[in-house]
Amino acid sequence: MLRSLHRWPGLVLAVLLVVLASSGAMLSVYPALERMGAPQAEAGLTVAELAARAGATHPGLEQIRRAPSGRITAWWFDGGAPGSAVIDPATGADAGSADPMPGERWLVNLHRSLFLDDTGRWVMAAGAAGMALLTLSGAAMVARRMGGWRRWFGRTRGPWPGRVHVELARFAVGGLLLSSLTALWMTASTFSLLPDEGTDPAPATATQGLARLDPAQIPLFAETPVSTLRALSFPSTQDPSDVFTLTTTGGTALIDPGTGAVLSSAAPTPWERASAIVMMLHTGQGAAVLGLILGLMALTVPVLTVTGVVQWLRTRHSGMRLKGNAAAGAAETILLVASEGGTTWGFARTLRDALAAQGQSVHAAPLSQFDPARYGHAKRFLILAATYGEGESPAAARGVLARIRALKAPPAAPVAVLGFGDRAFPEFCAYAGDLAQAAQAIGWAELMPLGTVNRQSPQDFARWGQDLGAALGLDLELTHLPELPAGEALRLIARRDYGAEVQAPAAILRFALPAQSLWQRLTGQGFARFEAGDLLGVLPAGSDLPRFYSLASGARDGFVEICVRRQPGGLCSGQLTDLAVGDTITAFLRRNAGFHVAPARTPLILIGAGAGIAPLAGFIRANRRRPVHLWFGARTPESDFLYETELTGWAERGQLATLSPAFSRAGRREHVQDRLRREGGTVARLLAAGAQVMVCGGREMAEGVRAVLNDLLAARGQSLEALKAEGRYAEDIF
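Residues numbered from 1 in each chain as written. Predicted model: local features only at pLDDT ≥ 70, side-chain atom pairs only at ≥ 80, totals over all residues. Heavy atoms only, no water.

Caption draft 1: Quick look at the sheet that holds strand 22 (residues 658-663). Here we have five strands laid out as an open sheet, ordered 22-21-20-23-24, and parallel in their pairing. Bordering the open sheet on either side are strand 22 and strand 24 (729-733), each of which pairs with just one other strand. Ignoring which end each strand starts from, the neighbouring axes of this sheet average 10° apart. Sheet contacts for helix 21 (residues 680-688): strand 20 (604-609), strand 21 (628-634) and strand 23 (692-697); angle to strand 21, the most-contacted strand, approximately 140°. (Pairing = 2+ DSSP bridges. Helix = DSSP H or I, 4+ residues; strand = E, 2+ residues; numbered from the N terminus. Axes fitted to C-alpha atoms, helices over the stretch in contact; angles between N-to-C directions. Contact = heavy atoms within 4.5 Å.)

Rendered as structure tokens:
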């Protein structure tokens, strides 16, 4: 429901919101320009003094107005000809034209009514209401994505459109909500839907037969500072009964020109004061800095629109949209999916299709949408959950565990959890296990015990399907064929070989960046956008299971680079290391947002061994402002010191602050974790300075590195878990 409340108004009102926000952003500049271009009254200047100066230079003066920006404008009628100008309050002389600045009136008419008068005002009011709805629903979705309001400013993960969307939303949400709500108030005021009409002073006439006093002789003018002035109207020389009308922030007064006495007055009502504040907040008139800030926030709307549409299009073309999906409130089987890279959605499609073939009504949705109140006819819940990193939830499922634990009563329908992971990692299917434990803790009935799928095994999935079929009394066969993204041809343009001397061949392979269509560049598909640390998926001949290699380059580098160590009997590594320059492979990209360098100026600690240096080299190559410290492990400096030449050059250019190699078959004969411990004082100082740590390499190396870091952090009363929670520790382990 929340996602629909956010998506459909955004898509329907996209063009209107862009016009509304863009014109508002441009208008926000005018109050600041007006204030900078208008002479300001000196402190303590009174209305009497201003009127005297303006009257001396403009015979026939009829009115003086002061704008919230401080600009003072005079109108007069001299020799039968009207005149107007911005005046200098210090002299009363003309200082500029009284006309609006170029383009201002056109933008105001566009912003308020689309040049359609009252009809256009209602249309723009609908846009403001849509903006308010999108802002509130978007804020709730950001909180859900980040795992709660307390983690509002946490680090974002996932594909670039989602990350940009969230970052801009977090920056602009307050300003967009303020602008939309004040716009609705102003619309209501325009159509007299609010009781904010001002109260006029009681009618009064001047004392007959008396000469008109100079402004300096009128006590109220001498007591009123110009800083509170809104308007001063002079009595007509043709009408002896006419009076002075003085309007300030405190109200309006009618003054006898012959005696200087106040004949009648009226103060603004609370509603009128409130509307004046709303006008200031919305337009920036009288608060130029606030106006510029709100205008800057409004400029995010076009970008939010583009990224939102890109996300919607990606969803439509991804596994997250399953054909024949039953409505949430009518389905008997609720299939919830937590996936980091999208692979788990392929298994969800296979399961949904098999259940539907057995006559079951199935509603499939992201786990992030879990809300028991939505599923009025549910008879069972099936949760397919991948584990990310060291036992963490996929980015889109953050906060779901907390929502399950906070339920006052468990759902009536039982639940079954199936985890997806890799047994090579200590935290195999840990997130799925956490979900199962949370369900058990609140008394949620178990349909069947926790199941697991190792390395996307179709056989594991089929066996779990048989157990599920037995629990449901169905003949359920799950034949899953992995769905792979469409690959692109990559041509090898360079290679460097290492490790032959120590019987551990490795190669740095550089491929030409394939040409990208305009659509791919706009949406970030294909190889249009990628960073070091993302993954290159390669499907070797003779296998249906892709192998993934960490990228040592980003799209800005203009090439695709990986580092491959030939494994004994390795199918894909053997084929890749046998490539000759000019040969091609078919490959695809997979984002790995959890292994990207955070934007910061704090130190960056990179730790890797062997081919694990690939993404670390990419981070150093892209570094322009951070002190980067690399600990790297190899066998000997002569055989497999990967990227040695580049590392030397990066150090000379300041992209790499320190390099600490460890060689297991030369010198001290130590592994990278040994050198890390030996230089623990340096590491501890960097951690104390807020360093981010990135680790890439084999499982055993990573375990050793964790042990060293845990010891160093424990000595300071900290832990590796705390570092992870702060987004300062990431691993890419194979």
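Caption draft 2: Region of the structure containing helix 19 (residues 644-652). Along helix 19, the positions that sit buried rather than exposed are Glu646, Leu647, Gly649 and Trp650. Viewed end-on, helix 19 has its buried residues packed into an arc of 165°, placing them on one side of the element. Seen from the open side of helix 19, the exposed residues pointing more than 90 degrees away from its buried face are Thr645 and Glu652. Taken together, the buried residues of helix 19 touch strand 14 (488-498), helix 18 (613-622), strand 21 and strand 22. Directly after helix 19, the chain includes Gly654, whose backbone phi takes a positive value near 85°. (Buried < 20%, exposed > 50% of the residue type's maximum accessible area, 1.4 Å probe, protein only. Arc of directions from axis to C-beta.)

Caption draft 3: Focus on the nonpolar core. Grouped together as the largest cluster of nonpolar side chains are 30 residues, with contacts concentrated most on Leu606, Leu616, Ile620, Leu630, Tyr643, Leu647 and Met694. Listed by contribution, the elements that provide at least two residues to this core are strand 20, helix 18, strand 21, helix 19 and strand 23. Here Leu630 is in contact with Leu606, Ile613, Leu616, Ile620, Leu647, Leu656, Thr658, Leu659 and Ser660, once residues within four sequence places are set aside. Ranked by size, the runner-up nonpolar core spans 28 residues in total, among them Ala326, Ile334, Val400 and Ala439. (Core = buried A, V, L, I, M, F, W, Y, C linked by side-chain atoms within 4.5 Å.)

Caption draft 4: Broad picture of the side chain of His111. On the secondary structure map, His111 appears in helix 5 (residues 104-113). Side-chain polar atoms of His111 contact the backbone nitrogen of Gly24, separated by 3.4 Å. For His111, the residues in contact, after removing those within four places along its chain, are Leu20, Ser23, Gly24, Leu27, Met124 and His282. (Polar contact = N/O pair within 3.5 Å; in protein donor to acceptor, adjacent residues only side chain to side chain.)

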